[in-house]
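Below, each chain spelled out in residue letters.
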Amino acid sequence: MKKIIAPSILAGDMGRLAAECRRAEETGADILHADVMDGVYVPNISFGFDVIAAMSGSCSLPIDVHMMTVCPQKYIKELKDCGAASVTIHHDIAPEDEVKAALVAIKEAGMRSAIALRPAFPAEDVFPFLPYIDMALVMTVEPGFGGQSFMEDMLPKIAAIREASFDLDIEVDGGINAATGAKCAEAGANVFVAGTSLFRAPDMKEAIKELRKNIK
Ligand code: DX5
Ligand code: ZN
């Protein structure tokens, strides 16, 4: 399965947003991860559609938007308009039927759809959504902040989702570096979000190369 590296712009220098997006592209990223936080679903506030539009306008990488918000289903048109290529929503933001409807709407708008699971939720929670998603995101930290430590006990969850689907993209997010990325790849993940370990590395190109080598 194709391995995809997704630097998280949250760890970039926000004062130089466009240059940071281009830096990710030039140093070998496959896609760019954008964390939208509303201060309600998670205890932090990050950025919104104008920033995502600036990201998509400044490089040619597909933008992978991770909605850590309570009502992502209200903003599907805005997400499409700002240039999101894929939209990930958390499965516990609404009753199952509403979440399914939001996933259908994301796909109807021409974007890829994904479901995210916070660390407390089991692999099985993703199963009802399998017909509606292109990707499952296994959070490997509590969502809300960059720079946290990888949770090893998420590895069996990755393996259980991989067992249920051989062609689903499985993304991991939180504390990912070359060492933890290797463990996730072994468990079955193929999309690797990394903020701190890439944007704050002494040499981003080397860090991406090292991560790519370890997840082969
Ligand atoms: C955390 C975000 C992550 C974050 C990862 O809530 O969803 O995408 O940017 O940052 P690192 O790689 O520093 O853990
Ligand atoms: Zn994220």
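Undergrad: Talk me through the sheet that holds strand 8 (residues 191–194); I want residue IDs and the actual numbers.
TA: Taken together, 8 strands build an open sheet; the order of strands is 1-8-7-6-5-4-3-2 and the sheet is parallel. Each edge of the open sheet carries a strand with a single partner, namely strand 1 (4–7) and strand 2 (32–37). Strand-to-strand twist across the sheet, computed as the mean angle between neighbouring axes with direction ignored, equals 25 degrees. Pairing of strand 4 (residues 84–90) with strand 5 (residues 112–117) involves 5 bridges; the strand directions are parallel. Each residue of the ladder has a partner; that of Thr-88, found in strand 5, is Ala-114. Packing against the sheet, helix 2 (residues 49–58) makes contact with strand 2 and strand 3 (63–68), and its axis sits at approximately 170 degrees to strand 2.

Undergrad: So what about the site of ligand 1? Which residues, and what values?
TA: Around ligand 1 sit 20 residues in total, of which Asp-35, Gly-144, Asp-173, Gly-195 and Thr-196 are the nearest. Asp-35 places a polar side-chain atom, nitrogen or oxygen, 2.7 Å from an oxygen atom of ligand 1. Measuring from an oxygen atom of ligand 1, one finds a backbone N or O atom of Gly-147 at 2.8 Å. A total of 390 Å² of accessible area belongs to ligand 1 in isolation, and the protein chains cover 98% of it. One can see that ligand 1 is located within the largest pocket. Broken down by secondary-structure element, the contributors of at least two residues to the shell around ligand 1 are strand 2, strand 3 and strand 8. Among the elements that make up the shell around ligand 1, the one with the highest residue count is strand 2 (3 residues). In terms of residue class, the shell around ligand 1 is built from 8 nonpolar, 10 polar and 2 charged.

Undergrad: Hey, could you go over the pattern of salt bridges for me, with residue numbers and the actual values?
TA: Opposite charge on two side chains permits them to pair, given that their charged atoms come into close proximity. In total, this model carries 11 salt bridges according to the counting rule given. Residue Asp-134 pairs with Lys-107 through a salt bridge whose shortest N-O separation is 2.8 Å. Of this pair, Asp-134 sits in the loop between strand 5 and strand 6 (135–139) while Lys-107 sits in helix 4 (residues 96–108), and the two are 27 residues apart along the sequence. Beyond isolated ion pairs, a larger network of salt bridges with shared partners links Arg-16, Glu-20 and Arg-23.

Thresholds, definitions, all that
Residues numbered from 1 in each chain as written. Chains lettered and ligands numbered in written order. Predicted model: local features only at pLDDT ≥ 70, side-chain atom pairs only at ≥ 80, totals over all residues. Heavy atoms only, no water. Pairing = 2+ DSSP bridges. Helix = DSSP H or I, 4+ residues; strand = E, 2+ residues; numbered from the N terminus. Axes fitted to C-alpha atoms, helices over the stretch in contact; angles between N-to-C directions. Contact = heavy atoms within 4.5 Å. Near = heavy atom within 4 Å. Polar contact = N/O pair within 3.5 Å; in protein donor to acceptor, adjacent residues only side chain to side chain. Areas by Shrake-Rupley, 256 points an atom, 1.4 Å probe, with all protein chains shown as cover. 1 Å grid on protein atoms, 1.4 Å probe; cavity = no way out; pocket = protein on both sides within 12 Å on 5 of 7 lines; lining within 4 Å. Sits in = over half its atoms within 2 Å of the grid points. Nonpolar A, V, L, I, M, F, W, Y, C, P; charged D, E, K, R; others polar. Salt bridge = Lys/Arg side-chain N within 4 Å of Asp/Glu carboxyl O.

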